[in-house]
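One-letter residues, chain by chain:
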Number of protein chains: 2
Amino acid sequence: MKISRTQSDHYDETIRGGALRDTPQRRHVYDLLLGKRDHPTATEVFLRAKKTMPSISLATVYNSLETLVGCGLVKQVHVDREPTRFCPNLDEHGHFVCEKCGHVYDIDLAAGRHRQWSLPAGFIVSTHEISLRGLCADCNEN
Amino acid sequence: MKISRTQSDHYDETIRGGALRDTPQRRHVYDLLLGKRDHPTATEVFLRAKKTMPSISLATVYNSLETLVGCGLVKQVHVDREPTRFCPNLDEHGHFVCEKCGHVYDIDLAAGRHRQWSLPAGFIVSTHEISLRGLCADCNEN
DNA sequence: CTAGGTGCAAAAGGTTTGCGGTTAA
DNA sequence: TTAACCGCAAACCTTTTGCACCTAG
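Residues numbered from 1 in each chain as written. Chains lettered and ligands numbered in written order. Predicted model: local features only at pLDDT ≥ 70, side-chain atom pairs only at ≥ 80, totals over all residues. Heavy atoms only, no water.

**Q** I would appreciate a short explanation of the overall build of chain A in the present structure.
**A** In terms of helices and strands, chain A carries five helices and five strands. In chain A, the succession of α and β elements from N to C terminus is α-α-α-α-β-β-β-β-β-α. Seen through its C-alpha atoms, chain A measures out along the principal axes to roughly 45 × 45 × 35 Å. Here chain A holds 142 residues, and the buried ones make up 38% of them. Summarising the internal contacts of chain A: among those between residues at least 6 apart in sequence, 48% fall at separations of at least 24. A total accessible area of about 7900 Å² is found for chain A, and carbon and sulfur atoms account for 52% of it. (Helix = DSSP H or I, 4+ residues; strand = E, 2+ residues; numbered from the N terminus. Buried < 20%, exposed > 50% of the residue type's maximum accessible area, 1.4 Å probe, protein only. Contact = heavy atoms within 4.5 Å. Areas by Shrake-Rupley, 256 points an atom, 1.4 Å probe, with all protein chains shown as cover.)

Shown next as structure tokens:
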């Protein structure tokens, strides 16, 4: 019987796969993202991290996030030109931002359907980002 | 027989529709966007504008762009957190950025197909943005 | 005439960088 | 031992703002 890998295992494997160190700060940042998946900005991650690791610096949070993004453990989420948000959901998905409450929701992108871009011949897509704005159900009815 | 409206007519109507003035700077910025539709940033628009209107300021370019976006004559294009680009193409479309040459291409979004987001009930989409990254045909083969 | 616009300079805000000291492996 | 990493502060860059002057309507 195969024991399913946790995301923490994934962290271990990925970090050690490169020439990367498993530092307390880096792991703490990653754990925070896994614990509360609400697409925080770097500053928000920093404020949360300080609660249990008061000495951590904003620069280190930025560095950690950059590393985690670089090795594929975390994705960046961009909404217009607002501060970058971070997301540990590695599945194919887009984002919906409520213009009233500000919450960011992951949205399922039905497999494949949204990859059928009508591009000219010879174009190769490496990444894509889909972001929606509007009103979420809660804000819509209140 | 109906004479088709030019985009310049569109400018006239739209600007005069609001409490907006038709200033030389504002029109110049708009004309530059219509003339070379390569998705320039505010700074690039500023540099181009100065060639024929040396006294124009960067702040005025920002203000003009904001006004044009506000009244719907121009759209903003966001690619990750790079400087905002501006686009006078009002048709439904997304963008493709070549990671090698940096060019931004408009891409057709087959009507309606990409609006069928599988959202939870009660969610209302007001705007959406689709951006792709990759290699364009030219860079791909060279 | 006057509300809206312009130009300049300063400030804001997110992110990056340089560097001396620290630490995981 | 040592290359990677941390924390701090300064720098960077895009965008916004405050304000005195100007101008389209």
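This is not the end of the story, as more comes after the structure.
**Q** Looking at this model, I keep getting lost on the relation of the copies chain A and chain B. Mind explaining?
**A** The pair of chain copies shares a relation made of a rotation about an axis and a shift along it. The operation relating chain A to chain B is a screw motion whose rotation component is 179°, with 0.0 Å of axial translation and a residual RMSD of 0.1 Å. Viewed as a symmetry operation, the transformation between the two copies matches a two-fold axis. Taking C-alpha positions as the reference, the residue of chain A nearest the rotation axis is Ile130(A), at 2.4 Å. Here 100% of the interface residues in chain A have copies in chain B that are interface residues too; the copies meet face to matching face. (Least-squares fit on C-alpha atoms with pLDDT ≥ 70 in both.)

**Q** Explain the protein's contact with DNA strand C to me, please; I cannot follow it from the model alone.
**A** Neighbouring DNA strand C are 18 residues, the closest being Tyr62(A), Arg21(B), Thr23(B), Arg26(B) and Thr60(B). Put simply, 72% of the atoms of DNA strand C that lie within 4 Å of the protein are in sugar or phosphate. In the environment of DNA strand C, a base nitrogen lies 2.5 Å from a nitrogen or oxygen atom belonging to the side chain of Arg21(B). Between DNA strand C and the protein, one listed contact pairs a phosphate oxygen with a backbone N or O atom of Ser55(B) at 3.1 Å. Of all the elements in the fold, those that place two or more residues in the surface near DNA strand C are helix 4 (58-70) of chain A together with helix 2 (24-35) and helix 4 (58-70) of chain B. (Near = heavy atom within 4 Å. Polar contact = N/O pair within 3.5 Å; in protein donor to acceptor, adjacent residues only side chain to side chain.)

**Q** How do you make sense of the pattern of salt bridges when you look at a structure like this?
**A** A side chain with one charge may pair with a side chain of the opposite charge, provided their charged atoms come close. All told, the structure shown has 14 salt bridges over all chains when counted by the stated rule. The salt bridge partner of Lys36(B) is Asp38(B), with a shortest N-O separation of 3.6 Å. Of the residues examined, Lys36(B) reaches a relative accessible area of 48% and is grouped as partly exposed. Note on Asp38(B): relative accessible area 29%, which makes it partly exposed. Taking the shortest distance from any N to any O, the salt bridge between Arg133(B) and Glu82(B) comes out at 3.5 Å. Residue Arg133(B) is located in strand 5 (residues 124-135), and its partner Glu82(B) is located in the loop between strand 1 (75-77) and strand 2 (85-87); the two are separated by 51 residues in the primary sequence. Residue Arg133(B) is classed as buried on the basis of its relative accessible area of 17%. Owing to a relative accessible area of 26%, Glu82(B) belongs among the partly exposed residues under this scheme. A single salt-bridge network, built from bridges that share partners, covers Asp80(A), Glu82(A), Glu99(A) and Arg133(A). (Salt bridge = Lys/Arg side-chain N within 4 Å of Asp/Glu carboxyl O.)

**Q** How should the side chain of His95(B) be read in this particular structure?
**A** Inspection of the secondary structure assignment puts His95(B) in strand 3 (residues 93-98). Of the polar contacts made by the side chain of His95(B), one reaches the side chain of Asp106(B); its length is 3.2 Å.

**Q** Can you help me understand the domain arrangement of chain A in this one?
**A** Interfaces are often sized by the accessible area lost when the parts come together. Residue and element names in this part refer to chain A. According to the domain assignment, chain A contains domain 1 (5-86) and domain 2 (91-141). For domain 1 versus domain 2, the separation of C-alpha centres amounts to 22 Å. Counting residues at the interface gives nine residues for domain 1, matched by nine residues for domain 2. Between domain 1 and domain 2, a total of about 760 Å² is buried, with carbon and sulfur atoms accounting for 47% of that surface. (Domains from an automatic or database assignment. Buried area = accessible area lost by both parts, 1.4 Å probe.)

**Q** Would you take a moment to explain helix 3 (residues 42-52) of chain A for this structure?
**A** At 3.6 residues per turn, the α-helix brings residues three or four places apart onto the same side. Residue and element names in this part refer to chain A. The set of residues buried in helix 3 consists of Ala42, Val45, Phe46 and Ala49. The buried side chains of helix 3 occupy one side of the element, clustering within an arc of 100° when seen end-on. Contacts from the buried residues of helix 3 go to helix 2 (24-35), helix 4 and strand 2 (85-87). (Arc of directions from axis to C-beta.)

**Q** When you look at the pairing of strand 4 (residues 104-108) of chain B in this model, what are you seeing that I'm missing?
**A** Side chains on a regular strand alternate between the two faces of the sheet. Residue and element names in this part refer to chain B. Note that strand 3 and strand 4 share five bridges and pair antiparallel. When the bridges of strand 4 are listed, His95 appears paired with Asp106. In this antiparallel pair of consecutive strands, strand 3 and strand 4, the connection spans five residues, and Gly102 shows a positive phi of 85°. (Pairing = 2+ DSSP bridges.)

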